[in-house]
Amino acid sequence: MSGQRRWRKPAVTVAAVLAGISLSSGVAVAGEDGWGKPTPGSDGAGDSYYPQDGNGGYDVADYNLKVSYDPPTRQLTGVQDITARATQSLSSFDLDLKGLTVDSVEVDGRKATFTRTGDHELVITPARPIHRGQGFRTRVAYHGVPAAINDPRLGPNGWQFGKSGGAFAAGEPKSATTWYPVNDTPLDKATFHLAITVPDEWGVISNGRERGTFKTPKGTTHVWAEETPVVPYMTTVAIDKWTFERSKRADGTPIVSAYAPGTSDATKQAEARLPEVLDFLESKFGPYPVDAAGGIFLAEPIGFSLETLSRPIYSGRAGNIGTIVHENAHQWYGDSVAVEHWKDVCLNECFASYATWLWSEAKDGKDLKAQYLNTAKTAPDSFWAGKLYDMGPGNEFTSVYSKGPLMLHALRNTIGQRAFDRVLKTWPSLHRDGNANMQEFQRFTERVAHQNLKGFFDAWIYGNGKPADQYLYPGDLKPTA
């Protein structure tokens, strides 16, 4: 669904109110008031690749998380306060939490019963049913040693331990469930507030803006606030002996970057160009859609870097300008505008990958036509067989990085520079803080370009073979003899 998925107060007319009143008794009849009989919320958000991830029946507005973490024992203790609104009448509802021990649950201040089922389901039954449209608050107290999710392609995802003794959270499509209770679906964005207590000698960095620190008997509490609605896997926290660099963009947006011990000078010099990177990306994609910026530079050479909102997290082997451009391009394509389904992931990765092409063209004088034609000429059949849409679970993060930018350069030459620029800039603003799918992008591009692009999209995106020459060499992309 495009646009924000926030709850809106339903329009209630006098006639509708009267229809829900028993004329004989003068009181509303249970189950006939139009709100529906309370039933369990679904235990999955229904994504075709990951049907059990996320849950149904409610919409989260805010996560307010208070945790303490002890690096020597790796013990995490947390209290999560979730503000939500029911989208159906609920007799029970689920949260996602992998491992960790739940100590207690309250809903609206009353003790609730709970059970654990499956791989990550926390099933909560409140003392009183929750009616559709009703706002409610859930408090979950929990503890344990977090464990990462092992991905066959990317390695560990979620809560991971640093060689220094610290820890960090990073992973896609799952991460948040390894360290706090959550509705783990891209369709349910929420603001995110974190207060984390660690021993005094450790530093902390997370999403959003710094809200200060204060001393406690257990160490120092670090407070962070992300007021831009965020998909759960894009939340993060990282604990290490950081070196911090703080600055501001020209418009006042705070920039906070953190470097693990041993980070190279080359990486720090690349991140120092972040204001230039964001200015460049704004010139292509429109106003920066997030309330803060920066980066988290790990010592660990994990298998990926990730576009965690406002503050990407970088593998210890990836602190270069190309990766910084890629992950910050995601703040528009992937973060502000998130996928509706995981089969739409090209809307994230194809665009972030093409951003590095645009950067090299503008900053390094790269001849993109030559680069395109060379790739089109030399790419093997396996390259063209890669899918950019509905590629199957586990295959999301493959061809989108290589074939994806090639597709966008072909689109640029199909619809012309002016229309292409308008698409790049307007799409993120139309869907800001929301979700979108590939079919919506196709229809929008056709409207902007005043062209029927079915043949192009079938050849490049929905198909998995080498496009016919009319789509492979559009516009000025004609190969030389």
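Cut-offs applied
- Residues numbered from 1 in each chain as written.
- Predicted model: local features only at pLDDT ≥ 70, side-chain atom pairs only at ≥ 80, totals over all residues.
- Heavy atoms only, no water.
- Helix = DSSP H or I, 4+ residues; strand = E, 2+ residues; numbered from the N terminus.
- Rg over C-alpha atoms; globule rule 2.2 N^0.38 Å.
- Buried < 20%, exposed > 50% of the residue type's maximum accessible area, 1.4 Å probe, protein only.
- Contact = heavy atoms within 4.5 Å.
- UniProt positions renumbered as here; feature names shortened; annotations may be inferred.
- Phe/Tyr/Trp six-rings, centres within 6.5 Å; stacked < 30°, edge-to-face > 60°.
- Lys NZ or Arg CZ within 6 Å of the ring centre and 35° of its normal.
- Core = buried A, V, L, I, M, F, W, Y, C linked by side-chain atoms within 4.5 Å.
- Disulfide = S-S within 2.5 Å.
- Pairing = 2+ DSSP bridges.
- Axes fitted to C-alpha atoms, helices over the stretch in contact; angles between N-to-C directions.
- Parallel < 35°, antiparallel > 145°, perpendicular 65-115°, else oblique.
- Nonpolar A, V, L, I, M, F, W, Y, C, P; charged D, E, K, R; others polar.
- Salt bridge = Lys/Arg side-chain N within 4 Å of Asp/Glu carboxyl O.
- Lys, Arg positive; Asp, Glu negative; His and termini not counted.

**Focus: the overall build of the chain**
Next, step 1: Each helix and strand in the chain was counted, giving 12 helices and 23 strands.
Next, step 2: Taken over C-alpha atoms, the radius of gyration comes to 24 Å for the chain, in line with the 23 Å a tight globule of 481 residues would show.
Next, step 3: Across its three principal directions, the C-alpha atoms of the chain cover 85 × 60 × 40 Å.
Next, step 4: Counting every position in the chain, which comprises 481 residues, the buried fraction comes to 56%.
Next, step 5: Contacts in the chain between residues at least 24 apart in sequence constitute 68% of all its contacts with a sequence separation of at least 6.

**Quick word on the UniProt feature "domain: Peptidase M1 membrane alanine aminopeptidase" (unreviewed entry) in the chain**
Next, step 1: The sites that carry the UniProt feature "domain: Peptidase M1 membrane alanine aminopeptidase" (unreviewed entry) are, in the present numbering, residues 321-460.
Next, step 2: Across residues 321-460 one finds 64% helix and 4% strand; the C-alpha atoms that close the span lie 28 Å apart.

**Remarks on the packing of aromatic side chains**
Next, step 1: Counted by the stated rule, this structure contains 31 aromatic pairs.
Next, step 2: Taken together, a centroid distance of 5.4 Å and an interplanar angle of 85° make the contact between Phe280 and Trp359 edge-to-face. A residue pair is termed long-range when its members are at least 10 positions apart, and Phe280 in helix H3 (residues 274-285) and Trp359 in helix H5 (residues 346-364) qualify at 79 residues. Both residues of the pair, Phe280 and Trp359, count as buried.
Next, step 3: The ring of Tyr259 has Lys268 lying over it, and the distance from NZ or CZ to the ring centre is 5.7 Å.

**Things to note about the environment of Lys425**
Next, step 1: With respect to the helices and strands, the residue Lys425 is situated in helix H9 (residues 417-430).
Next, step 2: Classification of Lys425 as partly exposed rests on a relative accessible area of 39%.
Next, step 3: Each C-alpha atom of the pair Lys425 and Tyr49 lies 30 Å from the other, and the pair is 376 residues apart in sequence.
Next, step 4: With sequence-adjacent residues up to four places away left out, Lys425 is seen in contact with Glu282, Ser283, Lys284, Phe285 and Gly286.

**Comments concerning the nonpolar core**
Next, step 1: Among the nonpolar cores identified, the biggest contains 134 residues, and Trp179, Tyr372 and Trp460 are the most heavily contacted of them.
Next, step 2: The biggest single contributor to this core is H5, with 10 residues.
Next, step 3: Those residues in contact with Trp179 that sit more than four places away from it in its chain are Leu65, Leu76, Leu100, Tyr142, Trp159, Ala169, Phe192, Leu194, Thr235, Thr236 and Val237.

**Observations concerning the state of the cysteines**
Next, step 1: Per the stated rule, a full pass over the model turns up one disulfide.
Next, step 2: Here Cys346 pairs with Cys350 through a disulfide, and the sulfurs are 2.1 Å apart. Judged by the torsion about the S-S bond (-115°), the Cys346/Cys350 disulfide is left-handed. Residue Cys346 and its partner Cys350 are both found in helix H5; the two are separated by four residues, about one turn of the helix.

**Observations regarding the pairing of strand E20 (residues 293-297)**
Next, step 1: Across the five residues of E20, five count as buried, placing the element largely inside the fold.
Next, step 2: Burial of E20 is two-sided: the residues Ala293, Gly295 and Phe297 facing one way and the residues Gly294 and Ile296 facing the other way are all buried.
Next, step 3: Bridge analysis of strand E19 (residues 254-259) against E20 gives five bridges, and the strand direction is parallel. Counted as the bridge partner of Ala258 is Ile296 from E20.
Next, step 4: Across two bridges, the pairing between E20 and strand E21 (residues 313-314) is parallel. Considered in E21, the bridge of Ile296 is made with Ile313.

**What to know about the packing of H3 against H9**
Next, step 1: Close contact between H3 and H9 brings their axes to 7 Å; oriented N to C, the two are set at 105°. Judged on the interaxial angle alone, H9 and H3 are roughly perpendicular. Residues Glu282, Ser283, Lys284 and Phe285 of H3 pack against Asp421, Leu424, Lys425 and Pro428 of H9.
Next, step 2: Broken down by class, the residue content of the contact of H3 with H9 amounts to three nonpolar, one polar and four charged.

**So, the pattern of salt bridges**
Next, step 1: Under the definition given, this model contains 12 salt bridges.
Next, step 2: Arg139 serves as the salt-bridge partner of Asp81, at 2.7 Å between the closest nitrogen and oxygen. Of this pair, Asp81 sits in strand E3 (residues 75-86) while Arg139 sits in strand E9 (residues 135-144), and the two are 58 residues apart along the sequence.
Next, step 3: Here Asp251 and Arg249 are joined by a salt bridge, their closest N and O atoms 3.8 Å apart.
Next, step 4: Relative accessible area serves as the criterion here: at 53%, Asp251 is assigned to the exposed category.
Next, step 5: Here Arg249 falls in the buried class, since its relative accessible area comes to 7%.
Next, step 6: A cluster of three or more residues bridged by salt bridges with shared partners is formed by Arg249, Asp251, Asp279 and Glu282.

**Examining the side chain of Glu327**
Next, step 1: Positionally, Glu327 belongs in helix H4 (residues 321-329).
Next, step 2: Buried and unpaired, Glu327 has Arg317 as its nearest opposite-charge partner, separated by 12 Å.
Next, step 3: Dropping the residues within four chain positions of it, Glu327 is found in contact with Ser305, Leu306, Glu307, Pro312 and Tyr314.

**Quick look at the pairing of strand E13 (residues 190-198)**
Put simply, side chains in a regular strand alternate between the two faces of the sheet.
Next, step 1: Of all nine residues making up E13, nine are buried, and the element is well covered by its neighbours.
Next, step 2: As judged from the seven bridges shared by strand E2 (residues 58-70) and E13, these two strands associate in the parallel manner. Bridged to Leu65 within E13 is Leu194.

**Here we look at the packing of helix H8 (residues 403-415) against H9**
Packed helix pairs are characterised by how far apart their axes lie and by the angle those axes make with each other.
Next, step 1: The interhelical angle for the contact between H8 and H9, taken along N-to-C directions, is 125°, at an axis separation of 6 Å. As the angle between them shows, H8 and H9 are arranged oblique. Two secondary-structure elements touch here, H8 through Leu408, Leu411, Arg412 and Ile415 and H9 through Gln417, Ala419, Phe420 and Val423.
Next, step 2: Class assignment for the residues of the contact of H8 with H9 results in six nonpolar, one polar and one charged.

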